[in-house]
Amino acid sequence: MDVETVTERAGPREFSPKDDMPEEYRKAATRMIQFHANSEIMGAYLERPFIRQAPSLDRKLAFSAKVQDEIGHGQLLYRAAESLGIKTREEMLRELEEGKGKFLNCFHYPMDSYVETPMIAFFVDGAAMRRQATLKSTSWEPYAHAMDKVCFEEGFHVKHGEDILRELMTGSRKEQEMTQEAFDEWWPRIIQFFGPTDEQSTHHGFAAEVGLKQMSNDQLRNAFLNAYIPKARKYGLEIPDYPRIEKRDDGTYEVREDDLDWDEFFKIAKNDYEPGVGQIDGRKAAQDAVEWVRDVLDDYEQTARGQPAAAD
Amino acid sequence: MIWEVFRQEEAGDYHTHCGNVHAPDREMALLFAEIQHGRRKPTHSLWVAPKDEIGEVDEETANFGGTTDKSYRWAMTYQNIDAAAEEVADSEAEQAEADRRRRGD
Amino acid sequence: MATTDADLGSPGDLDEGEREAVEHLLYRLADDEFVLAERYTEWQVRAPTLESDLSLSNIAQDELGHARLWYDLLEDFGYSESDLVWERPPGEWRHATLSEVPFAEGDWADAVLRSYLYDVAEGIRLSALEESSYARIRDRVPKIRGEEGFHRDHAEGWLERLATDSGGLDRLQSALDRLFPHALALFAPTDPEIEDRIDDLGLRTASLSEMRGEWRSEVEPFLSELGLTVPDADRHTPHGRGGDHTGDWDDLHDDFTHTYRELGRTEARRIMVDPDEAES
C-alpha cells in the first residue's frame, strides 16, 4: 500500500498487521505508540514511591493497583507497537533505558510529596484519558484495541486521583496550602502536556492524515481545560495567573504560549532535563539488575522444556 | 489434528472464537475454516490455531479477580465524585457493567 | 491440640486472657501479611518483565488485603487503623523477620523463594485456623485461602525455572542460606505462655512446633529436588515475634509512615466498605 492509498482509506481501526503498510506509516505509528508505552512505564516509575508512602491501607492498595495497571498498559502498548514490525519490545525497553526513548513531559519532573500525587493521578491522567479516548478511533487496529482496555481501566485512575485531591482540599489548612503549592508548580507542565500549538507541532500533519491521530493538540487542550478548570475550582484550587488562559467567545481557551517555558519543554523532549535523566537512569539500574532473570527465561525458552510442540 | 477458528466480522473488530475444523496442516485448516465458518456469517478475517497449542485456565482452578475485596481497583468505589469528563463516565459505566457480569447478576 | 471444643463466642464475650490470646494471634497474622506486602511492592516497576511485574503486584495486593481483614478483627476490640498501623511504634510489631528483610537490588531469586517459604507456611497456618474456636477468625479463612493457591503456583513455577540454570541455582542457594533462619522465625512465639494459651483455647488447631514440623517436611524435599541444599541453621535472632526486629525494620517503618506524619494525620481514610458489610 502506498501512502496515498493509506491516506484515502484512513479511518478508525482500518489497518492491521496483515495489511502491507508503507514504512512511513509504520515508523510514524511506532514512534507514537512507543512514546505512549514509555510514558506508561515512566509514569508508573514516578508514582511507585507512593505505594509505600500512601497514608492509609486502602490508599496503599489503590496506588499499588494503579501502578500495576500502568505497567499493564505498557504491556498492551508495546505489543501494539511491536506489531508494526519496526522494533521489538525488548528494543523499545532498551531504548528507554538508554535515554533514547521519549515520553511525556510531566514524567520528567520529580515527585517528592504525597500532595503532588493528584497532579499526576487526576490532572495528568485526566489529560491523558482525554487523548486516549480519541485514540480508540486510531487507524492502527492493535493500537485501538489497546485503547479499549486502557480506557476501560483508566476511569479508576482519574477518580482515585480526584478522591485524593478532594481529601487534601477538605483536610487541614496545611494540607490545603501544600496542595495549592503543588498545583502552582505542576499547572504549567500540565498545560504543556498537550505540546505546543498545532502550528508548531512537527509530527501532527502526517499522523493526522493517515488517521493515527484523531484530534489536534489544540482541540485536546481545549476539551481538557473545559472539564478540568471547573473541577480544580470546585475543590478550592486557585488557577495560577501564569500561563494566562483566556476564554474566547466561542467557549474555547487561548493559552498564551509565551508564558510557558518552551526551552525547558524541548530540553525535556530531548531527554536532557536533569530530574528526568535521573529517573531514566534509576529505572535502568533496576532493570540491569534483573537482566539475569530475563536471560534465564530466554535460555529456558530455547530448550525443549520451554518449546511448544511443533505446530505443523 | 484439530484447529480452533477465530472470526473477525469487520475490520477493527476482535477475532473471537467461533468453532474448529479438522485438518492436516495450517494451510488446509484455513481452507476448511473459510467454508465451514465464513460462508454465511459476516467475515472480514479468520485465524486458525492448533488446539493443542492453546492453554486454558478456568474457574475450576482459578479465582479470577481474587476472593477478597478488590473494590479499590474499581471506579465505582470512589463515590460522590461526578465524573470529570465523558470518558471518565464511560469508563465507570463499562466497569460497572463488567463488575455486574462477573458477579453473575 | 485444643483442650476445649467450646466456641469462644463474639468479641464481647472474651475474658481478658482470651482477648489477649486472640490479639496476639491476630497481630502475628496481620503484621506478617502487611510487612511482606510492603516489601513485595518494591518490585513494582522493577520486576524482570512486564508480565512478572503485574503478577507480583497482584500478590502484594492480595497480602495487603489479607492484612486488612485481620486488622479489622483487631478493630473489634476498639482499635482504629491509626492505632494498628500508622501510630503503632515499630517495637510493637509482631511479624517474623522474614517479612521485613529488604531485597537486594535485582534479587528476584529472593523474591520468589521468600514467597514460596512464606506461602507454604501460610497454607499450613490457615489450615490450623479453619476450625478455630473463635468464629471471627475461622469465618475469614476461606476467602484468604482462595488467593493462596495462585501464590504457591507462582512461586513454585518460578523456582522450577530459575533452578534449571546454574547461575539461577546459585542465586537461589544464596537466598535460601540467608532466608531460612528468617523463615524459621515464622514459627517463633510472641510470648511462650500466650502461645500455649492460644493452643489451649483452640484458637488454632496446631501448635507452632507442629506447624514448623509440617512446614519442614513440605519445603525440604521440594527444595532438595530443585538441587538446593537446605541449611542446617537455627532460627534468626531477633525473630521479630517478640517485637524485636532487624535495623531494616525501623527504616521501613519510617518510610511507610512518612506521609501520615508529614501531613499530621490522625486518621486513615477508608475507601472500601467494612469487611463485614462486604461479606453480606
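Residues numbered from 1 in each chain as written. Chains lettered and ligands numbered in written order. Predicted model: local features only at pLDDT ≥ 70, side-chain atom pairs only at ≥ 80, totals over all residues. Heavy atoms only, no water.

What follows concerns the pattern of salt bridges. Proximity of charged atoms lets side chains of opposite charge pair with each other. Tallied over the entire structure, the rule returns 69 salt bridges over all chains. Between A:Arg89 and C:Glu51 there is a salt bridge, with the nearest N and O atoms lying 2.7 Å from each other. Separated into two different chains, A:Arg89 in helix 5 (residues 89–97) and C:Glu51 in helix 2 (residues 50–75) make up a pair that spans both. Residues C:Arg204 and C:Asp199 are paired through a salt bridge, measuring 2.9 Å at the closest nitrogen-oxygen approach. (Salt bridge = Lys/Arg side-chain N within 4 Å of Asp/Glu carboxyl O. Helix = DSSP H or I, 4+ residues; strand = E, 2+ residues; numbered from the N terminus.)

What follows covers the side chain of C:Arg265. In this structure, C:Arg265 sits in the loop between helix 12 (258–262) and helix 13 (275–279). With a relative accessible area of 10%, C:Arg265 lands in the buried category. One polar contact links C:Arg265 to A:Glu167, side chain to side chain, over a distance of 3.0 Å. Ignoring anything within four residues of it in the chain, the contact list for C:Arg265 reads A:Pro55, A:Glu167, A:Leu168, A:Glu175, C:Glu87 and C:Tyr260. (Buried < 20%, exposed > 50% of the residue type's maximum accessible area, 1.4 Å probe, protein only. Polar contact = N/O pair within 3.5 Å; in protein donor to acceptor, adjacent residues only side chain to side chain. Contact = heavy atoms within 4.5 Å.)

For the rest of this paragraph, the subject is the interface of chain C and chain B. Taken residue by residue, the interface counts 14 residues in chain C and eleven residues in chain B. Overall, the association of chain C and chain B removes approximately 970 Å² of surface from exposure, summing both partners, and the carbon and sulfur fraction of that is 51%. Across the salt bridge formed by C:Asp62 and B:Lys70, the nearest N and O atoms sit 2.8 Å from each other. Taken together, the links from chain C to chain B amount to nine residue pairs in polar contact (both at pLDDT 80 or more). For the side of chain C that touches chain B, the elements supplying multiple residues, two or more each, are helix 2 and helix 7 (141–162) of chain C. Element by element, the count of residues in the side of chain C that touches chain B is highest for helix 2 of chain C, at six residues. (Buried area = accessible area lost by both parts, 1.4 Å probe.)

Residues and elements named next belong to chain C. Two numbers describe how helix 5 (residues 108–127) lies on helix 7: the axes approach to 8 Å, and their chain directions differ by 145°. In this structure, helix 5 crosses over helix 7, and the sense of that crossing is left-handed. In this structure, helix 5 contributes Trp-108, Ala-109, Val-112, Leu-113, Ser-115, Tyr-116, Asp-119, Val-120, Glu-122, Gly-123, Leu-126 and Ser-127 to the contact, and helix 7 contributes Val-141, Ile-144, Arg-145, Glu-148, His-151, Arg-152, Ala-155, Glu-156, Trp-158, Leu-159 and Leu-162. A class-by-class count of the residues in the contact of helix 5 with helix 7 yields 13 nonpolar, four polar and six charged. (Axes fitted to C-alpha atoms, helices over the stretch in contact; angles between N-to-C directions. Left-handed = near helix turned anticlockwise from the far one by under 90°. Nonpolar A, V, L, I, M, F, W, Y, C, P; charged D, E, K, R; others polar.)

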